[in-house]
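# A closer look at the structure
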Amino acid sequence: MLKYEEKFDDRGQIRWLPYLMYFHPVNHVSEVVNTDELGFRLSHGVDTHASVGGRKAQGPVRLLVGSSTVFGIGATNDAATLSSRLWSQHAPSRPWLNFGGRSFNSTQELLLFTLHRHLLPEIDEIVIFSGFNDLGLARLPESLRGDHGAFFNCGDFFSRMGTPKDDGRPAGPRKRGWLRGPAGPGTPAPAVPTLDEQIATAAELTLRHLDTWRLFADAMGARITYVLQPLATWVRERPAPQETALFDELDRISHFGTVYGDIAKMESGRRYADSLRRGCEKLGMRFFDLSPALSEAVTQNDWLFVDRIHFTDAGHDLVAGALADLLEIS
């Protein structure tokens, strides 16, 4: 995790970009995580590797789209990520490309594809493995969400670019935070939307983008599936012993429960999944909620998560196998 912290989290080196806001460092090399000349992580098959901006895979290919869980935060090396486990072990009949962007919401996931589609070979499968970030960002006030949803680091954006309330001049530097608004010292925190409002906001935004994804997939002749990613507390009420120790330590640092509140409860995850499922049915798109399937596949002692959203190597492998089974692909 220290290797990820060097350049791939808010204490690392953020590469600011037009349109996307931010993406991974380029040409990063380490024994844990490697990126190509565009910042995409390398994905490994049995005896080769490929990436969007690096070594090309022979099409048709399969895309695994999402945020940091797809990128593979927590994996001890590139070969242990979800896309690599699918390509090398659980569904190896087609190359899988890692199309994950750390801390991306559904808007950024769609933009990432739009901006880089011209670099891709023929695509026959798109799996969007996502969902939590949109729900977490729906906790921010409407003034930050705008028409296209809030994004991580929006506090930095609004403080430096100016807000409608000021004279248009960028504000001074602030402490960086991934889930911050532009409120200054002494400014009362805005009320957090209700759980119903959060679920409705996140689902509406996600489904709006999925409708565009569907149009892309139809035009390319690719099959598309949306998978709601698992959260540790959506999978089981009581975590494994190692997870308990990690979560307690992380809570002393980052106060996950305070930041994300009631969306972390299992019931909230099921309600969110039901809303997305109904919307996907209307779009004619396949939908899976992975948390219940994962719950049935593990014991109380299986150590799956390094934090509540990212997997251990064993977790990546188990999730990749569950995905291949749900998708019925080889």
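In this report, we go over the structure that sits alongside the text. Bear in mind the structure is a predicted one, so any value in this text is a computation, not a measurement.

In the case of a regular strand, side chains alternate between the two sheet surfaces. Because side chains alternate across strand 9 (residues 286-289), one face comprises the buried residues Phe287 and Asp289, and the other comprises Arg286 and Phe288, none of which is buried. One ladder, built from 4 bridges, connects strand 8 (residues 223-228) with strand 9; its direction is parallel. Residue pairing across strands places Leu228 opposite Asp289, the latter belonging to strand 9.

Between helix 4 (residues 106-116) and helix 8 (residues 195-220), the least distance of the axes is 9 Å, while the angle of their chain directions is 20°. The orientation of helix 4 relative to helix 8 falls into the category roughly parallel. Crossing of helix 4 over helix 8 shows left-handed handedness. Contacts from Ser106, Thr107, Glu109, Leu110, Phe113 and Thr114 in helix 4 reach Leu205, Thr206, His209, Thr212, Trp213, Phe216 and Met220 in helix 8. Considered class by class, the residues forming the contact of helix 4 with helix 8 number 6 nonpolar, 6 polar and 1 charged.

Inspection of the entire model under this criterion finds 16 aromatic pairs. Measuring from centroid to centroid gives 6.0 Å for Phe132 and Trp234, while their planes differ by 65°, and the two rings are edge-to-face. With Phe132 in helix 5 (residues 132-137) and Trp234 in helix 9 (residues 232-235), this pair connects stretches of sequence that are 102 residues apart. Like Trp234, Phe132 is buried. Centroid distance Phe132 to Tyr260: 5.1 Å. Interplanar angle 55°. Geometry classified as tilted. One end of the pair, Phe132, is in helix 5; the other, Tyr260, is in helix 11 (residues 256-260), and 128 residues separate them in sequence. By relative accessible area, which is 4% here, Phe132 ends up buried. According to the relative accessible area criterion, Tyr260 is buried, its value standing at 12%. In textbook terms, an aromatic cluster arises when at least three aromatic residues are bridged by ring pairs, as seen for Trp16, Tyr22, Phe23, Phe40, Phe99, Phe104, Phe113, Trp213 and Phe216. Positioned over the ring face of Phe71 is Arg41, at 5.4 Å from the centre of the ring.

Burial runs high along strand 7 (residues 123-130): 7 of the 8 residues are buried. In this sheet, strand 7 lies alongside strand 5 (residues 61-66) in parallel orientation, the contact comprising 6 bridges. Bridge pairing in strand 7 places Arg62 opposite Glu125.

Mapped onto the elements of the fold, Arg139 is located in the loop between helix 5 and helix 6 (142-145). Judged by its relative accessible area of 12%, Arg139 falls in the buried class. Linking Arg139 and Ala191, residues 52 residues apart in sequence, is a C-alpha distance of 9.0 Å. With sequence-adjacent residues up to four places away left out, Arg139 is seen in contact with Val192, Pro193, Gln198, Thr258, Val259, Tyr260, Gly261, Asp262 and Ile263.

What follows covers unusual backbone geometry. Between Gly59 and Pro60 the backbone carries a cis peptide bond, its omega angle lying at 0°. Take Pro60: it is sitting in the loop between strand 4 (49-50) and strand 5. The backbone of Asn153 shows a phi angle near 75°, a positive value even though the residue is not glycine. Locating Asn153 in the fold gives a position in the loop between helix 6 and helix 7 (154-161). We classify Asn153 as buried; its relative accessible area is 0%.

Cut-off values and rules
Counting starts from 1 at the beginning of each chain's written sequence and moves along it residue by residue. Owing to the predicted nature of the model, reporting of local features is limited to residues with pLDDT of at least 70; listing and counting of side-chain atom pairs is limited to 80 or more, with chain, interface and lining totals taken over all residues. Based on all heavy atoms of the structure, the side-chain values leave hydrogens and waters out of the count. Exposed residues in this analysis have more than 50% of their type's maximum accessible area, buried residues have under 20%, and partly exposed residues fall in between, with area computed by a 1.4 Å probe over protein chains only. Helix and strand definitions follow DSSP, with helices as H or I runs of at least four residues and strands as E runs of at least two, each counted in order from the N terminus. Paired strands are those between which DSSP finds at least two bridges. Axes here refer to lines fitted to C-alpha atoms; in helices the fit is confined to the stretch in contact. Angles between the N-to-C directions go from 0 to 180 degrees. For this classification, under 35 degrees means roughly parallel, over 145 means roughly antiparallel, 65 to 115 means roughly perpendicular, and everything else is oblique. Helix crossings get a hand from a simple test, with the near helix turned counterclockwise from the far one by less than a right angle marking a left-handed crossing and a clockwise turn marking a right-handed one. A contact between two residues is defined here by any heavy atoms of the two lying within 4.5 Å. Amino acids are sorted into nonpolar (Ala, Val, Leu, Ile, Met, Phe, Trp, Tyr, Cys and Pro), charged (Asp, Glu, Lys and Arg) and polar (every other residue, Gly among them). Here the aromatic set is Phe, Tyr and Trp, taking the six-membered ring for Trp, and pairing holds for ring centres within 6.5 Å; pairs whose planes are under 30 degrees apart are stacked, those over 60 apart are edge-to-face, and all others are tilted. Ring-over charges, as used throughout, are those where CZ of Arg or NZ of Lys falls within 6 Å of the ring centre and within 35 degrees of the ring normal.

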